[in-house]
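This is what each chain is made of:
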Amino acid sequence: MKRLLAIACVLVAATALEVFATGAGHDGGNYRVRAIFMNAFSVIPGEDVKIAGVKVGKIESLDVTPDHKAAVVLRIDRAGFDDFRADAQCTIRPQSLIGEKFVECTPTQPRPENAQPPAPLRKIQRGAGKGQYLLPVSQTAKPVDLDLLNNTLRLPYRERLAIILNELGTGLAGRGGDLRQAVTNADPALKETDKVLAILSEQNRVLSDLARNGDTILAPLARDRAKVADFVTQANVTAQATAERSDPLEQNIAKLPAFLRELKPTMERLGGLSDQMTPVLADLGAQAPAINRFIKELGPFSQAGIPALQSLGAAADVGGPALTKSKPIITDVGRLASTSKPLTNNLASLLTSLKDTGGIERLMDYLFYQVAAINGFDADGHYLRAGLILNACSQYAIAASPDCLATFPNSGSASARAAGATLVPGYADTRRSDSLRQLDAFFHGKKLDLGGDAQSSATGAAPSQQSAPAAAPAQQAAPAQQPVPAAAPTQPAASGDDPSSALLDYLLGGGG
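Just so you know, the residues in each chain are numbered from 1, in the order the chain's sequence is written. Local features in this predicted model are restricted to residues of pLDDT 70 or higher, and side-chain atom pairs are both shown and tallied only at a pLDDT of 80 or more, whereas totals for entire chains, interfaces and linings draw on every residue. To get the side-chain values, all heavy atoms of the structure are used, and hydrogens and water are removed first.

Participant: Can you help me understand the state of the cysteines in this one?
Facilitator: As used in these notes, a disulfide is a covalent bond between sulfur atoms, one from each of two cysteines. The term disulfide is used for any two cysteine sulfur atoms that are within 2.5 Å. Summed over all chains, the structure comprises one disulfide. Between the sulfur of C90 and that of C105 lies a disulfide, 2.2 Å long from S to S. Between C90 and C105, the disulfide has an S-S torsion of 110° and is therefore right-handed. In this pair, C90 sits in strand 5 (residues 89-94) while C105 sits in strand 6 (residues 101-106), placing the two residues 15 residues apart along the sequence. Only protein chains enter the accessibility calculation, which uses a 1.4 Å probe; a residue whose area is less than 20% of its type maximum is buried, one above 50% is exposed, and one in between is partly exposed. Residue classification places C90 among the buried positions, given a relative accessible area of 1%. Strands here are runs of E lasting at least two residues and helices are runs of H or I lasting at least four, both read from the DSSP assignment and numbered beginning at the N terminus.

Participant: Even after reading the chapter, I still don't get the pairing of strand 10 (residues 381-384), so can you show me in this structure?
Facilitator: Look at any regular strand and the pattern is simple: side chains alternate between the two faces of the sheet. Following DSSP output, two strands are said to pair if at least two bridges run between them. As defined by bridge partners, strand 9 (residues 375-378) adjoins strand 10 across four bridges and the pair is classed as antiparallel. Following the sheet pairing, D378 is matched in strand 10 by G381. The antiparallel pairing of strand 9 with strand 10 creates a hairpin that spans two residues between the two strands.

Participant: Which parts of the structure should I look at to understand the packing of aromatic side chains?
Facilitator: Pairs of aromatic rings are described using the distance from one ring centre to the other and the angle between the two planes. When two rings of Phe, Tyr or Trp (its six-membered ring) have centres within 6.5 Å they constitute a pair, described as stacked for plane angles under 30 degrees, edge-to-face for angles over 60, and tilted for the intermediate range. Applying the stated criterion across every chain yields a total of three aromatic pairs. Each ring, one from Y31 and one from Y133, has its centre 4.7 Å from the other, and the planes form 25°; the classification is stacked. Of this pair, Y31 sits in strand 1 (residues 31-37) while Y133 sits in strand 7 (residues 133-135), and the two are 102 residues apart along the sequence. Across this residue pair, the class does not change: Y31 and Y133 are buried. Ring centres of F368 and Y369 lie 5.3 Å apart, and the angle between their planes is 70°; on these two criteria the pair is classed as edge-to-face. Like F368, the residue Y369 is exposed in the burial classification. Among the aromatic residues, those joined into a ring-pair cluster are Y31, F84 and Y133. We count a charge as sitting over a ring when the NZ of a lysine or the CZ of an arginine lies within 6 Å of the ring centre and within 35 degrees of the ring normal. Seen from the ring of F102, K50 lies directly overhead, with NZ or CZ sitting 4.8 Å from the centre.

Below you can see the structure in the form of structure tokens.
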């Protein structure tokens, strides 16, 4: 039993050792790439190794291969970046203008989704660089430094370059192999140039438009070059202010991704709105000249309307108090309209009936024939057949007179009228329509129910106190044989109202 436990422990330890040994090459700081460059000029150990702008390691050491190439050992310290594939590429780039360098690598090239990744880099099993991963010279590059290019324009390098170019044919005679090697060494740069040229060929129309539009833009810029210079100056001030506020700007940039995620649904809805607005905007563009003309003509119209608006303001200052004071009258008119609604309905029915049956035309016929019947004609012309009646009813009066009554009470004897019998108010006369009685009661300040009793809307008196008019004194009754002038009545109004109420009785056919 103890032997079995010992054997199991040994197997577990061996398995763990195998696992750790397998992953040792990928442990942070133990993954090394031996990149072969044609030239590693000005590269020193300790400089950075970057992937997509992120520092992932350092240059550990430099070496020279048997075929006189530079071997740069890259130590990858950051976990997650220690998986270089067969299509990996590395380039030596300048860190700054003072000559510092760094190595920028691409562990693998972009590939379609679900595509199989290339095989890992080959691990060196023996010799120099044992245990390191080999990146061949065909997958490395080192651009020519800018200072070296600038040196060709200075003496004596300029003269030397001229000599080289003059003697190039002679120098290349019999050196085809070396020339091919030089072209091979420049292959990474040529390959990138091919990519640039392919992109430019795909965008030739855009470049053509850019050149044409550039001419259009540069002409106004040349005309307003002073403003452009001022813009550059103000941009410098803005950049300085931005640099002083770098910390808040950094916080804003950090919050920008979350803001963009929240903004995406709004922008999608805005895009849908734009799609739906396209026909409207197209129609609006077609009507733009008319709208422009309308806006131009609106200016003189607005100027001409200023005095009218000022006068309207002055009128509003005067009319405001008048409208406020007229509020009680408007309220009374509203109540009148509500009370007279049955009357107006009946009047509408009457007018509709007259219109449908030709009543107006028949009335005109009657007037025509009646006038023709009562008018005569002789040798001198037309004359009116009329007789003048002179009695107590021939003069206009606003108060009741016992010798001339427009209505007849129910008791209706001549002796009762001569003795000054009790007169019936117009709103209490049951022979009249309900709507006319209600209208008459409204004008007298009373409220009439359909039973015939009227109540004062102001005093709330009992119906028995308001419906019966006061009896006229017998001693004030004028003799029947003597007419009484209508302008000077000898008895008060039968209903006890003022002369205006008596006038309403007369106009509406009331008790007077």
